[in-house]
Structures are given as C-alpha cells and as structure tokens.
Amino acid sequence: MKGYLFCNTPEIIKESSSGGAFSAIVTAVSKKENQDVIVYGAAFDEHLNLVHQRYEAKEDYSSLRGSKYVFSEYNKSLMQVKEDLIKGAYVIFTGTPCQVYALKSFLDRENFNTNNLLTIDLICHGSPEKSLWRQYKEWLEKRHEKKIKSFSFRYKGMRWHGYSLMAEFEDGERIVNSHDLQVYMDLYFTHQIMRRSCYQCKFSSTDRPGDITLGDFWGVEDIFSGIITQKQKEAGVSLITVNSDKGKGIIELLTNMSVEFNWILHKCIDDSFIKYQTGLNSPTVKPNDNEAFREYMSKYGFDATLSKYAGFNLKGRIRYYIKYLANYIGLIK
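Along each chain, residue indices are assigned from 1 in the same order as the chain's sequence is written. It should be noted that, the model being predicted, local features are given only for residues of pLDDT at least 70 and side-chain atom pairs only at 80 or more, the latter also being counted only at that level, while totals for whole chains, interfaces and linings use all residues. Calculated side-chain values reflect all of the structure's heavy atoms, with hydrogen atoms and water omitted.

Draft legend 1. Just empty space enclosed by the protein, in detail. The way it works is a 1 Å grid over only the protein atoms, where trapped points that fit a 1.4 Å probe form a cavity and open points with protein on both sides within 12 Å along at least five of seven lines form a pocket, and then any residue with an atom within 4 Å of a point lines it. Grid points are joined across faces, edges and corners, and a volume is the space filled by probe spheres set on the points. Inspection of every chain in the model, using the stated rule, returns one cavity of 30 Å³ or more. In this structure, the largest cavity spans a volume of roughly 720 Å³. Looking at the largest cavity, it is lined by 40 residues, and the ones nearest its centre are Ser17, Gly66, Ser67, Lys68 and Leu122. Strands are runs of DSSP state E lasting at least 2 residues, helices are runs of H or I lasting at least 4, and numbering of each runs from the N terminus. If you list the elements that add at least two residues to the lining of the largest cavity, you get helix H2 (21–32), strand E2 (37–44), strand E3 (50–56), strand E4 (90–95) and strand E9 (212–216). Classification used: nonpolar for Ala, Val, Leu, Ile, Met, Phe, Trp, Tyr, Cys and Pro, charged for Asp, Glu, Lys and Arg, polar for all others including Gly. A class-by-class count of the residues in the lining of the largest cavity yields 15 nonpolar, 21 polar and four charged.

As structure tokens, this is what we get:
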C-alpha cells in the first residue's frame, strides 16, 4: 500500500475533516475530464438524516465535506450512479468501504462498464445505527427546546485532533463542545453503538475496495517530522492511499496540479503509516457487554443509557468542567 500526505489550501481545510483531499480530487478530475463530473457522498438532508446525495462538480458540494459518524442511506444512489454512467458522465463515489463494495458489486453483477467511475473509500472505525443518531438528535432538541439546523462532528473552529462538535439551531444559536454535545462522541468511542456487522468488518485491512482511500493522517508528526509545520498539523492533514491503477492516475493528477492550486503532496517512504490507522489493521473490537448495553437501552431508554454509558450525570459533568478548565488555562490540550 502506497501512502501520501496531502494538504489543501487553508480555506478548504477549514471546511474538511482533515486535509481536504476529497475536494482536491474532485477539482483535479473536473479539470482533466472534458465532460460532466458527478459527485456522490454523504450529506445531511433538511431533516438532518444522513443520505448519499448527488451533485454536479460545478455545483456547491461542500456539504459532502467532513466526517459524519452515522451510517448514511445510500441504496437509492446505486441506481443513480448507473444512470449517470449510461449517460456518459464521469462519476466520483465516496463512502464507507462497505458502501463502495456494494456499488461495485451492483455494477459488476450487470457486467457494467465502470471506466468512468472513480471510487473513494474512507478509513472507517464503524458506523452507529441510524436510529441512535435520530434518538440523540431528538434528545438534544428537547433539551434546548428548538430544532437543530446543522451539525458538525469535526468542527474546525476549534482543532483537528479534538473531535470538536458544533450544533447550530434554527434561531442562529451555536453551541460548541458542550457536555451534551460531547456525550455522542463519548458514546461512539465506547464502541457500543456500532452496527453489529462493523465488529466483523472484512474491509478493516489494507485490502481496500476503492481506487483511493482517504483518512486522517495520524502519526504525521513522526513520519514527516520537519516537513509539515505545527500550524499545518493542527489544521488537519489527509492520508491518501492508492489501491488501483485509477488511484495512481489520481496521484499523478494531484502532483501535476499541486503548484497551480497550492496543494502539498508528499509520498511516504514506507508503509509505517499503517500502524497508526486502526481501521487498516482490524475491525473495532466488540465490547464484552455489548449485548447488555443494547438490552439496557431497549429497556430503559436513551436518557438512562447516556447516564450509565456516556457519563451524562453529576460525576460526568464535574469531570467535563475540570477538563474544560484545564484546557482553558493550558494544562492539557
């Protein structure tokens, strides 16, 4: 597996989860291809349901940027991709590895020509059930007594490493990294809320279904010490891995256009980056008490589950404010 470090311009990085590689790939392909380019990826709809959506590359597809820790509804997009390919468009499809695999399997079964299809899979640690995101959203809206307009799981107004969250309500109020926001990611990192199939994911390896794999470049400070500045590291850095001949062609495009668009692209000298990527080594481990967790949530509801498993209680609030104060005065990051 060949790996590459990538950084887009600061403006694009600010709207991206890491280094803005996805946007650069769309830009590069759009400039090269003398035809329509269609982009598919996960974005929230008007009801904050995560759905794979279709954009023309010349449109504003910025809603596809950024990580969303929910499993998206993508089934309808499979037929849309086929229809776009029939019309002769060049299609870029991005999603979790299982979604990319589903698309390629769907097209392969019909012996469909995929020369004009570029697939991008994401380094994934597992996706929570859609029903859990819905419960959390309703719980948060009930607490604040107003509807959420937008939500960010990786808010760049703070920092790259910290998994900062931001919710914007319909009245314009924004909250960032509040305790009731952080409980979602706290629950995510307990690994209790993944879909059951994620604990046995066959794609959590270096054998990838996509032409390109994208992720956060964890460990960049060790692998590219002295090359990437502290400011660039704190803003976010992408890891790109090449998995096919099409993927090699994309790297060539990015290389040829890097000066024109002020992109930073460096090839890894070896595969040491893999050890920093848990999603390239093994599936997320299923907690021993996962079935008990599911039974508890089913029996006692979402509020009680947050208290028991995500620390949304008095002890958790005290711990949250101590960490908040320590970060504010510079004792911890």
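From this point, things continue past the structure.
Draft legend 2. Examining the sheet that holds strand E8 (residues 174–176) more closely. In spatial order, the strands read E6-E7-E8; together these three strands make up an open sheet with antiparallel pairing. The sheet terminates laterally at strand E6 (148–152) and E8, the two strands that pair on one side only. Here the strands of the sheet are splayed against their neighbours by 15° on average, with no regard to which way each runs. The pairing of E6 with strand E7 (residues 166–169) spans four bridges and is antiparallel. Across the sheet, Phe151 pairs through a bridge with Ala167, a residue of E7. Two residues form a contact once any of their heavy atoms are found within 4.5 Å. All axes here are fitted lines through C-alpha atoms, helices being fitted over the stretch that makes contact, and every angle between N-to-C directions spans 0 to 180 degrees. Relative to E6, helix H5 (residues 130–144) is tilted by about 125°, and along the sheet it contacts E6, E7 and E8. Helix H6 (residues 179–188) contacts E6, E7 and E8 of the sheet and is inclined by roughly 55° relative to E8. If DSSP finds at least two bridges between two strands, the strands pair.

Draft legend 3. Broad picture of the pairing of E9. Summarising burial for E9: five of the five residues are buried, a large majority. With five bridges connecting them, E9 and strand E10 (residues 238–242) associate as antiparallel partners. Paired with Leu214 across the bridge in E10 is Ile240. Relative accessibility under 20% of the residue-type maximum defines a buried residue, over 50% an exposed one, and the middle range a partly exposed one, all with a 1.4 Å probe and only protein chains included.

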